[in-house]
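# What the coordinates show
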Amino acid sequence: MPLLSVIPAAAVDLTFLDQVHFNAVKESTPSGPVQSRKKPWITDLSADEVQWNTLVYDSSVDYKGRIPRRDSTGVWKATLFIIAIEFAERLCYYGIATNLISYLTKVLDQDLETAVKNVNYWLGVTTMMPLLGGFVADAYLGRFRTVLVSSIIYLLGLGLLTLSQFVPSLKSCEEDQCPRPRKVHEIMFFVAMYMISVGTGGHKPSLESFGADQFDAAHPEERKKRMSYFNWWSFGLCSGLVLGVTAVAYVQDFVSWGAGDVIIIAVMAVSTVVFLIGRPFYRYRVPKGSPLTPMAQVLVAAFVKRKLPYPSNPAKLYEVHSAGRGGQSLLGHTSKLRFLDKAAIVENGKDIQTQPSKKESPWRLATVTKVEEMKLVVNMVPIWLACLVFGICVDQTATFFIKQASVMDRKLTSHFTLPPATIYALAAIGMIITVTIYDKLLFPYLRKVTGTERGISILQRIGIGMAVVIVGLICAALVEKKRLNSVETEKVEGSTMGVFWLAPQFLIFGVGDGFALVGLQEYFYDQVPETMRSLGIAFYLSVIGASNFLSSLLITLVDHVTEKSGGSSWFAKDLNSSRLDNFYWLLAAMGGINLCVYMFLASRYSYKNEEKRVADADSYESDDVGAIP
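Small disclaimer: the values here were computed from a predicted structure and weren't measured.

With that settled, the discussion passes to the overall build of the protein chain. The helix and strand inventory of the protein chain stands at 20 helices and eight strands. Going through the 629 residues of the protein chain one by one, you find that 57% of them count as buried. The contacts of the protein chain with a sequence gap of at least 6 include a subset with a gap of at least 24, amounting to 82%. Of the accessible surface of the protein chain, which amounts to about 25700 Å², a share of 63% is contributed by carbon and sulfur atoms.

Right under this line is the structure:
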């Protein structure tokens, strides 16, 4: 395949990402901006051209390894490529994920409880893998290269999935219908699915954070655009989702599963080529080793100096105010988690600033910024935990909600029946409408009313989404109760209730996602240290991943309790004998209690306290240290 021969070459040739140590930001002086003594191409420019509005001093490089120019790289000209790729990848992903429960029950002949557990396991692994992918991107490969490598793995998984539908010896059976599918098909299917999980694990955190990297947070205009980026990222994501659960799902249900797989792999291949085409417009961040090492150093230094008294003035804590942090922002000291501050205490009254030759080991002395970065991560843990119940609630849209649709009346005309997974598009439509209204109307209005740049805080936006999802669960419980009553009254196997009775709950969940999920993306990107932003997006995805595992555990627990209590299980093999309405009420109650806990934590949360940027214009040794051929 020509595509597979092109991508590895491009990935291998990105040597500049391993060689460039880009370390320049804007540093103002009374006479104007600093100009490098070792960069002739900078000093030859006029003073106006060297201004911050011309060059991007945020530690990024262009595709030739040079300081990026603001007018030809980054912002929307670069992120349009990235959002287009997310659109294509989400079309592929949801074309598989939302119809997965139907495939497991119809083709692999699994019962409802087993199928739901397998869906949750796969979704859990798929959304936990970004923790590994994000770490690799931040520490070693860089985001651009990680996306390319992940795309290859993704394509290989899709290739195996397609082969399992067309190669006679790998198909589920020789006939169209068979009571027991072949074991080899089942093995091939799950191997392919988990290869897709691995590909998604590198693709999702790297691509989204790579898109956000195209905006310079220190530049006022670009910072405002980045606040809109996550809204439009979600717009592209949901647009791909809509096509995945409509067009692809229709082909899978009414043409063949194999035809659907062919469409998916073709779309993924084209999107990878598009990603490569956009490389001259991107801004790249150079990986600087494991972001976990500085955190370990802070913990060790704080433990070693645990018996030292705190200084009377926090200004006496160690910080590097001059060059040497690669264009990253310094963080101001905060009073929370004071035991970590001991890592920045200078021992024996030494003045490290005036004795550069006596450099302390980073395992014994950390800067205030490194300490504050550690505090950021520690402060995120309670918020992450408080979002898990929200994730469990959202999980039901891809499992039980879809299964409900499969037993309801889906006929639009005498010749057309709606695929069960297509109803999921309503959640995406609700999210698209929400983020559009929020970005174009609500966001500007809130900024005027509150007088703040963001309008409402990130955690407030997430909390609103959590509250809306609880309303969606109440709606889901009422609709399911009505459906069960209609089945009992009609005494028929299916239900004559139209599938669009599910529309309100899907739309409400879409509105909730437009607030909470977009807010979570921005929160975990913005509030982590700059060196671990791919991991930050992975933390957001891991909320959903961990929630999938917890959802499976909760289903098992509820099934055991309800079965042993003398009544029938809430999750019977036949959906009409189940009591999903009770399960939805349980989730709504859990969500309400969790929202109270979340509001308490959010009210006490301290956001990142950025002070300024540091610079080292003289650190550029050459103009063109590497290029993408």
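A few words now on the packing of helix 9 (residues 183-212) against helix 10 (residues 220-254). Where helix 9 meets helix 10, the closest approach of the two axes is 10 Å, and the angle between their N-to-C directions is 140°. Between helix 9 and helix 10, the angle is such that the two are oblique. Here helix 9 and helix 10 pass one another in a crossing that is right-handed. For the pair helix 9 and helix 10, contact is made by Lys204, Leu207, Glu208, Gly211 and Ala212 and by Arg226, Tyr229, Phe230, Trp233 and Leu237, respectively. Across the contact of helix 9 with helix 10, the residue classes break down as six nonpolar, one polar and three charged.

The next thing to look at is the packing of helix 10 against helix 11 (residues 257-277). Two elements in contact, helix 10 and helix 11, have axes whose closest approach is 6 Å; the angle formed by their N-to-C orientations is 150°. Put simply, helix 10 runs roughly antiparallel to helix 11. In this structure, helix 10 contributes Val248, Val251, Gln252 and Asp253 to the contact, and helix 11 contributes Trp257, Ala259, Gly260, Ile263 and Ile264. Across the contact of helix 10 with helix 11, the residue classes break down as six nonpolar, two polar and one charged.

Another aspect to go through is the pattern of salt bridges. Per the stated rule, a full pass over the model turns up 15 salt bridges. The partner of arginine 69 in a salt bridge is aspartate 71, and the shortest N-O contact between them spans 3.8 Å. Of the residues examined, aspartate 71 reaches a relative accessible area of 56% and is grouped as exposed. In this structure, glutamate 222 engages arginine 70 in a salt bridge whose closest nitrogen and oxygen atoms are separated by 2.9 Å. Remark: arginine 70 occurs in the loop between strand 3 (60-61) and helix 4 (75-97) and glutamate 222 occurs in helix 10; sequence separation between them is 152 residues. In this structure glutamate 222 comes out as buried when scored by relative accessible area, which is 4%. Given a relative accessible area of 8%, arginine 70 falls into the buried group. Through salt bridges with shared partners, one network takes in Arg70, Asp216, Glu222 and Arg283.

Here we take up the environment of proline 529. The topology assignment puts proline 529 in the loop between helix 18 (503-526) and helix 19 (533-564). Of the residues examined, proline 529 reaches a relative accessible area of 3% and is grouped as buried. Between the alpha carbons of proline 529 and lysine 375 there is a distance of 9.9 Å; along the sequence they are 154 residues apart. When near neighbours in sequence (up to four residues on either side) are disregarded, proline 529 contacts Met295, Glu373, Leu376 and Val377.

To continue, consider unusual backbone geometry. We note that valine 75 has phi near 45°; this positive angle belongs to a residue other than glycine. Within the secondary structure, valine 75 sits in helix 4. Here the phi dihedral of leucine 337 falls at roughly 50°; this positive angle occurs in a residue that is not glycine. Relative to the elements of secondary structure, leucine 337 occurs in the loop between strand 5 (329-331) and helix 13 (368-386).

The end-to-end C-alpha distance of helix 9 is 44 Å, a good match for the 44 Å that 30 residues give at a rise of 1.5 Å each. The axis of helix 9 is deflected most strongly, by about 25°, at threonine 200.

On to helix 8 (residues 143-166). Counted at 1.5 Å a residue, the expected span for helix 8 with its 24 residues is 34 Å, and the 35 Å between its end C-alpha atoms agrees. For helix 8, the buried fraction is high: 18 of the 24 residues fall into the buried class.

The subject of this paragraph is the side chain of aspartate 341. Structurally, the position occupied by aspartate 341 is in the loop between strand 5 and helix 13. Within the structure, aspartate 341 has its side chain in polar contact with the side chain of lysine 375 (distance 2.9 Å). With near-sequence residues (within four places) excluded, aspartate 341 lies in contact with Tyr310, Leu317, His333, Thr334, Val371, Glu372 and Lys375.

For the protein chain, per-residue confidence averages 79 on the pLDDT scale, and residues scoring 70 or more make up 83% of the total. Here strand 1 (residues 28-29) stands out as the element of the protein chain with the lowest mean pLDDT, 34, in contrast to helix 20 (residues 580-603), whose mean of 94 is the highest. Under a pLDDT of 50 for its full length, residues 1-50 has, in the predicted model, 101 contacts with residues more than four places off or in other chains. Low confidence marks residues 613-629, where pLDDT is under 50. Its contacts with residues over four positions away, or in another chain, come to 66 contacts.

On to the nonpolar core. Phe275, Tyr282, Ile462, Phe506, Tyr523, Phe583 and Tyr584 are the most contacted members of the largest nonpolar core, which has 143 residues in total. Judged by nonpolar contacts, the second largest core, of six residues, contains Phe443, Leu446, Ile456 and Phe515.

In total, this model carries 39 aromatic pairs according to the counting rule given. For the ring pair tyrosine 250 and phenylalanine 254, a centre distance of 4.9 Å and an interplane angle of 40° mean the geometry is tilted. Separated by four residues within a single helix, tyrosine 250 and phenylalanine 254 lie in helix 10, roughly one turn from each other. Accessibility expressed as a relative area gives 33% for tyrosine 250, which makes it partly exposed. Accessibility expressed as a relative area gives 42% for phenylalanine 254, which makes it partly exposed. When the centroid spacing of 4.8 Å and the interplanar angle of 75° are considered together, the rings of tyrosine 523 and phenylalanine 524 count as edge-to-face.

What counts and what doesn't
Residues numbered from 1 in each chain as written. Predicted model: local features only at pLDDT ≥ 70, side-chain atom pairs only at ≥ 80, totals over all residues. Heavy atoms only, no water. Helix = DSSP H or I, 4+ residues; strand = E, 2+ residues; numbered from the N terminus. Buried < 20%, exposed > 50% of the residue type's maximum accessible area, 1.4 Å probe, protein only. Contact = heavy atoms within 4.5 Å. Areas by Shrake-Rupley, 256 points an atom, 1.4 Å probe, with all protein chains shown as cover. Axes fitted to C-alpha atoms, helices over the stretch in contact; angles between N-to-C directions. Parallel < 35°, antiparallel > 145°, perpendicular 65-115°, else oblique. Left-handed = near helix turned anticlockwise from the far one by under 90°. Nonpolar A, V, L, I, M, F, W, Y, C, P; charged D, E, K, R; others polar. Salt bridge = Lys/Arg side-chain N within 4 Å of Asp/Glu carboxyl O. Expected span 1.5 Å × (residues − 1). Bend = angle between axes of the 7 residues up to and from the residue. Polar contact = N/O pair within 3.5 Å; in protein donor to acceptor, adjacent residues only side chain to side chain. pLDDT = per-residue confidence, 0-100. Core = buried A, V, L, I, M, F, W, Y, C linked by side-chain atoms within 4.5 Å. Phe/Tyr/Trp six-rings, centres within 6.5 Å; stacked < 30°, edge-to-face > 60°.

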